[in-house]
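Summary of the model geometry
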Amino acid sequence: MGDDGGNFCGSRIIVRGPMLAVAGAFVAGILAGLFLPLPVGFWWVLALTGMFVGILSLLRRHLRLISTIALLTAVCALGAVRLRLAYFSVPDSAIINFAGHGRTLATIQGRVASYPWITRPDIEFGYRPEPSVQFILDAESILTKSGWQPTTGLVRVTISEPYKNHKPGERLELLGWMNRFGSARNPGQFDTAAAARRDGTMVNFRVPSDDGAIVLASASAGGWRELPDRLQATLHQRLTESGDLLSGRLLAALILGERHPGLSKLNDTMKQAGVAHFLSISGMHLGVFLGFIYLICRMLTISRRSAAIVVLIALAGYLLVAESRAPLLRSAIMAGALAAAVISGRRHAALNALAVAAVILLAFDPRSLLSPGFQLSFSIVAGIVLFQAPIRRLFFGRWLDRRGLMVFRNDESRFKRWLRFSAANWAIDAVTISVTAYIVAAPLVAYHFGLFSPYGIILGLVLFPLVVATLVPGYLSLGLAWPMPNLASAFGSLAANIADILAKLVEAMNFLPMLCVQLKPVGLGWLMLCYVTLIVAITTISRRSKTRIIILILLLAALTGLTIWTQLPAGPSRNAEFHMLSVGSGQCAVLKTPEGKTYIFDAGTRSGFDAYLKVLEPFYREMKLKDPAGAFVSHANTDHYSALPGMVRDDRLNEIYLCDYFNQLGQGGNYTSMRMIKLLNERDVNIHQLRAGDKLQLDAHTHVDVLWPPAGRKDLPENDTSLTLRVVCDGKSLLIPGDLEMVSQVELMKPGNREKLKSDVLILPHHGGWTVTLPDFVAAVGPEVILVSSSRDPHGPSTGNEKVLDFYKAMRKKYRFYSTARDGWIGLTFGKTGLDVQTMRKNQNPKN
């Protein structure tokens, strides 16, 4: 049995794909439409001109090159048109036009367009919101002053507890609060607005409880149009009921592609291990399904053409019930092209089919090109088609050459022959496909997610048999559900049991050392250099020459150097950098000293999310900061430390500074702070207790003076036990007073302490909350810049007290005033060169 798979540019890969050029031109047009600020009219004119020139010159043979260039230019322009219309414009009736920048009370009607999922925020310390149910609604109308108006667009709906699980296809009327998605509030934070824009979801809609959701029509009211939804719901119920809560959901995810929040931890582990593709419907799942159908047909002696027809029918049925995502649709188009080639007796060109799939999907939704999932799906398949043969030759070439010389003469050698050829080919293909997919996907995963999974190849090979063993009985269970329900139930239980083993194996991955390496941002240039190096390496394997080897060595050296450079932490700077992060109701700040050390000054929120995973950890990664040398926690309210347990559990924090009262129950401490102390002791974190008069030297340029609280006080309310810290760097100072209220403010303004308060920058105490002593306290500090961390701009009590309101208005005019509610992240630099402030808002006037 010969092997001709070693030539990357040879006969094994025959590119008979006119659609490759079309797909390339269409992708180029989408990117041009995204990055070039040209009007749609320009692209329309260019497209029409290109088509006109291309058609005219097509009839003349000597002008074929001009015709090709003109037509590809037209395709490119059409890609730009499609992107501009889909990404940068919406129809007048779009629901986003009815939503303001703030929350708007609204009543809308529409049809449930997704399976609802239940969210239960897993927050260890701090405020934990009640569970809620979320789903996507296809909006149909909205109530305005002039009555019901037709509208369009996808809406993400959240219904707070108590709630009901609404079914796909139900028509609802919803009363609640509508708002547009917000952009990222901090560097490195996930941009919800950009993701929603990419996915086509226009607005967010929150319903206080299920009383605000009225069912206008059931899911079955639409007749045959709702058949796919009803069928999908039936199959979903059968799969989830085949096992327990976890294995049933996992089975539904593997077979139908459903993404249940109950699998979030499992999905996170698989993502870190580099095997998350097993949990979503992809080419592998569809290949197992269609290959199983084709094998059964062939075992029943059905001809290849008839079997291909059966495969097409099965494919159409599967698309009705599975989640329609880009990897599945791409695989379906390629599988359909292969089946059509078998039926027509023509040769199948995988790359051409891949290009057709790309053009179809991007023509339908050009925004999907910006999705990491779309990029990974198409890149991996293209890499397998192009690179598997050279990699196969590199790993197994010599053994394959020796195998070709083997001779088996008698019937007793049939098993050996099968073992050395058929079984060996399966094993070789599994290994080379896994290696190829890993190599192709790794740069994109590093670029988009900042992850590197050292065990990806090995774990993929280990999990693959279990996934196949889960899928096959799962498919049989669905196929036999109506003719043989008892047998179908047995197959379903078998699939669920194997899925349970799969889930336990995935959970065991957490014990592997360095399961995932967290990378700092690598940049687009690094990504392109990775793929250039990969292509040169593959071509060098196929056709070795001194020139190619030298080029490859130079590229590898450049890639290694660039990788090391991107992973270096941020270096020293002339000034101290103080970053106040936007966390809603809470406070979270990071100080970087001129020598490059970092310290945390409070890190928590009571806004109902994990501030470590959502804000603090992405910020550290984006800014390339070293792990903190220590963390200061002002007092025992969780909105000042709820983000720290995650950092402690990740072994990134070894020193913590607390007030004397943090662990004194009833005298500044509470039961939650006792749990925090227990966690710190379990993790061997060094605890330092601070009191007024202490001084800490952070580096040669920066020190911290502790102004409050004194030791031994028994009469202080919890907020008044807050550490009050004055951070000084090269003569410039920043006052961080925690949640100080009237008692401690009065004490600090007494003659013995008042001169110590003077600072260039002040963080308003207690998130800007009003106390009668606040005006005098601000005047005593005498700052040039005022910062506040809060979910809303401070404005005083809602009593209509004009004196209070005038104080806040005057403060905004008198000082350079910044708040996280308005400005998002606030970056303050102070030290040798003075004071400077940057925020997430662009071109703002800080006094407005």
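Residues numbered from 1 in each chain as written. Predicted model: local features only at pLDDT ≥ 70, side-chain atom pairs only at ≥ 80, totals over all residues. Heavy atoms only, no water.

1. Side note on the overall build of the chain
On a plain count of helices and strands, the chain comes out with 25 helices and 25 strands. Computed over its C-alpha atoms, the radius of gyration of the chain comes to 31 Å, within 12% of the 29 Å expected for a compact globule of 848 residues. Principal-axis analysis of the C-alpha atoms places the extent of the chain at approximately 105 × 70 × 65 Å. For the chain, with 848 residues in total, the buried portion stands at 48%. A sequence separation of at least 24 residues applies to 70% of the contacts in the chain between residues at least 6 apart. (Helix = DSSP H or I, 4+ residues; strand = E, 2+ residues; numbered from the N terminus. Rg over C-alpha atoms; globule rule 2.2 N^0.38 Å. Buried < 20%, exposed > 50% of the residue type's maximum accessible area, 1.4 Å probe, protein only. Contact = heavy atoms within 4.5 Å.)

2. Considerations on the pairing of strand 5 (residues 154-160)
Among the seven residues in strand 5, five count as buried, and that is most of the element. Judged from the six bridges that link them, strand 5 and strand 7 (residues 201-207) form a sheet pairing that is parallel. Note that in strand 7 the partner of Arg 156 across the bridge is Asn 204. (Pairing = 2+ DSSP bridges.)

3. Some details on the pairing of strand 19 (residues 724-729)
Of all six residues making up strand 19, six are buried, and the element is well covered by its neighbours. With burial as the criterion, each face of strand 19 is covered, one bearing Thr 724, Arg 726 and Val 728 and the other bearing Leu 725, Val 727 and Cys 729. For strand 18 (residues 702-708) and strand 19, the ladder comprises six bridges, and the chain directions are antiparallel. Bridging from a neighbouring strand, Trp 708 pairs with Thr 724 of strand 19. Pairing of strand 19 with strand 20 (residues 732-736), which is carried by five bridges, proceeds in the antiparallel orientation. Residue pairing in the sheet places Arg 726 in a bridge with Leu 735 of strand 20. From the end of strand 19 to the start of strand 20, which pair antiparallel, there are two residues, and Asp 730 there has a positive phi angle of about 50°.

4. Focus: the pattern of salt bridges
Tallied over the entire structure, the rule returns 14 salt bridges. Its salt-bridge partner being Asp 365, residue Arg 367 comes within 2.9 Å of it at the nearest N-O pair. Comparing Arg 367 with Asp 365, the two get one shared label, buried. Two residues, Arg 691 and Asp 660, come together in a salt bridge whose shortest N-O distance is 2.8 Å. On the criterion of sequence distance, the pair formed by Arg 691 in the loop between strand 16 (686-690) and strand 17 (695-697) and Asp 660 in the loop between strand 15 (655-659) and helix 20 (671-682) is long-range, its members being 31 residues apart. (Salt bridge = Lys/Arg side-chain N within 4 Å of Asp/Glu carboxyl O.)

5. Describing helix 14 (residues 456-479)
Spanning 24 residues, helix 14 covers 33 Å between terminal C-alpha atoms, matching the ideal 34 Å at 1.5 Å per step. Along its length, helix 14 shows its largest kink, about 30°, at Leu 463, and proline Pro 465 lies within four residues downstream of that point. (Expected span 1.5 Å × (residues − 1). Bend = angle between axes of the 7 residues up to and from the residue.)

6. Digging into the packing of aromatic side chains
Going through the model one piece at a time under the given rule, you end up with 16 aromatic pairs. Look at Tyr 87 and Phe 88: their rings are 5.0 Å apart centre to centre, the planes differ by 85°, and that puts the pair in the edge-to-face class. Overall, Tyr 87 belongs to the buried group, its relative accessible area being 14%. Where Phe 807 meets Tyr 808, the ring centres are 5.2 Å apart and the plane angle is 70°; that geometry is what we call edge-to-face. Among the residues examined, Phe 807 registers a relative accessible area of 15% and is labelled buried. (Phe/Tyr/Trp six-rings, centres within 6.5 Å; stacked < 30°, edge-to-face > 60°.)

7. Digging into unusual backbone geometry
A cis amide bond links Trp 708 with the next residue in sequence, Pro 709, at an omega value of 5°. Examined against the element boundaries, Pro 709 turns out to sit in the loop between strand 18 and strand 19. If you check the backbone angles, Asp 684 has positive phi at about 55° while not being a glycine. Relative to the helices and strands, Asp 684 is located in the loop between helix 20 and strand 16. Within the chain, His 766 stands out as a residue other than glycine whose phi angle is a positive 50°. Following the sequence through the fold, His 766 ends up in the loop between strand 21 (761-763) and helix 23 (774-781).

8. Quick notes on the environment of Gly 182
With respect to the secondary-structure elements, Gly 182 resides in the loop between strand 6 (171-180) and helix 4 (192-199). Between the C-alpha atom of Gly 182 and that of Asp 836, which follows or precedes it by 654 residues, the distance is 26 Å. In this view, Gly 182 contacts Asp 191, Thr 192 and Ala 193; residues no more than four positions away in its chain are not counted.

9. A word on helix 2 (residues 40-58)
Between its terminal C-alpha atoms helix 2 stretches 27 Å, which fits the 27 Å expected from 19 residues at 1.5 Å a residue. Of the surrounding secondary structure, the elements contacted by the buried residues of helix 2 are helix 1 (18-35) and helix 3 (64-87).

10. Quick look at the nonpolar core
By size, the foremost hydrophobic cluster in this structure holds 87 residues, and its most contacted members are Phe 578, Phe 601, Leu 616, Leu 644 and Phe 830. Counting 47 residues, the second largest nonpolar core, distinct from the first, contains Leu 251, Leu 254, Leu 290 and Tyr 318. (Core = buried A, V, L, I, M, F, W, Y, C linked by side-chain atoms within 4.5 Å.)

11. Quick look at the sheet that holds strand 13 (residues 598-605)
One open sheet holds the eight strands; their spatial order is 16-15-14-13-12-11-24-25, and the pairing between them is mixed. The open sheet has two edge strands, strand 16 and strand 25 (834-839), and neither has a second partner. Within the sheet, the average angular offset between the axes of one strand and its neighbour, ignoring direction, is 25°. (Axes fitted to C-alpha atoms, helices over the stretch in contact; angles between N-to-C directions.)

12. Points about the side chain of Ser 141
Tracing the backbone through its elements, the reader meets Ser 141 in strand 3 (residues 132-144). With a relative accessible area of 11%, Ser 141 lands in the buried category. For Ser 141, the residues in contact, after removing those within four places along its chain, are Ile 108, Gln 109, Trp 148, Gln 149, Pro 150 and Thr 151.

13. Notes on the side chain of Ser 582
Its location among the elements puts Ser 582 in the loop between strand 11 (575-581) and strand 12 (586-592). For Ser 582, a relative accessible area of 9% puts it in the buried group. Within the structure, the side chain of Ser 582 is placed 3.4 Å from the side chain of Arg 185, a separation counted as a polar contact. What Ser 582 contacts, discounting residues up to four positions off in sequence, is Arg 185, Asn 186, Val 615, Thr 820, Gly 824 and Trp 825. (Polar contact = N/O pair within 3.5 Å; in protein donor to acceptor, adjacent residues only side chain to side chain.)

14. Focus: the sheet that holds strand 22 (residues 785-788)
With mixed pairing, seven strands are arranged side by side in an open sheet as 17-18-19-20-21-22-23. The sheet is open, and its two borders are formed by strand 17 and strand 23 (816-819), each paired with just one other strand. On average, each strand axis in the sheet is tilted by 15° relative to the strand beside it, whichever way the strands run. With three bridges connecting them, strand 21 and strand 22 associate as parallel partners. Counterpart to Leu 762 in the pairing with strand 22 is Ile 786. Relative to the sheet, helix 23 contacts strand 20, strand 21 and strand 22, its axis offset from that of strand 21 by approximately 150°.

15. Side note on the confidence of the model for the chain
Overall, the predicted model of the chain reaches an average pLDDT of 87, with 92% of residues at or above 70. Counting interchain partners and residues more than four positions distant, the pLDDT-below-50 stretch residues 1-15 has 34 contacts. Predicted confidence is poor over residues 843-848, with pLDDT under 50, and the contacts of this stretch with residues over four places away or in other chains come to ten contacts. (pLDDT = per-residue confidence, 0-100.)

16. Quick word on the packing of helix 12 (residues 372-403) against helix 13 (residues 414-449)
Each packed pair of helices is defined by two parameters, the angle between the axes and the distance between the axes. At their nearest, the axes of helix 12 and helix 13 sit 7 Å apart, and the two run at 140° to each other. Compared by their axis directions, helix 12 and helix 13 come out oblique. Every pair of crossing elements has a handedness; the one defined by helix 12 and helix 13 is right-handed. Considering only residue class, the contact of helix 12 with helix 13 consists of 23 nonpolar, eight polar and four charged. (Parallel < 35°, antiparallel > 145°, perpendicular 65-115°, else oblique. Left-handed = near helix turned anticlockwise from the far one by under 90°. Nonpolar A, V, L, I, M, F, W, Y, C, P; charged D, E, K, R; others polar.)

17. With respect to the packing of helix 11 (residues 350-364) against helix 12
Two numbers describe how helix 11 lies on helix 12: the axes approach to 10 Å, and their chain directions differ by 170°. With respect to helix 12, the element helix 11 is oriented roughly antiparallel. Of the two possible hands of crossing, helix 11 and helix 12 adopt the one that is left-handed. Contact residues: helix 11 offers Ala 350, Leu 351, Leu 354, Ala 357, Ala 358, Leu 361 and Leu 362, while helix 12 offers Phe 374, Phe 378, Val 381, Ala 382, Val 385 and Leu 386. Looking at the contact of helix 11 with helix 12 residue by residue, the classes come out as 13 nonpolar, no polar and no charged.

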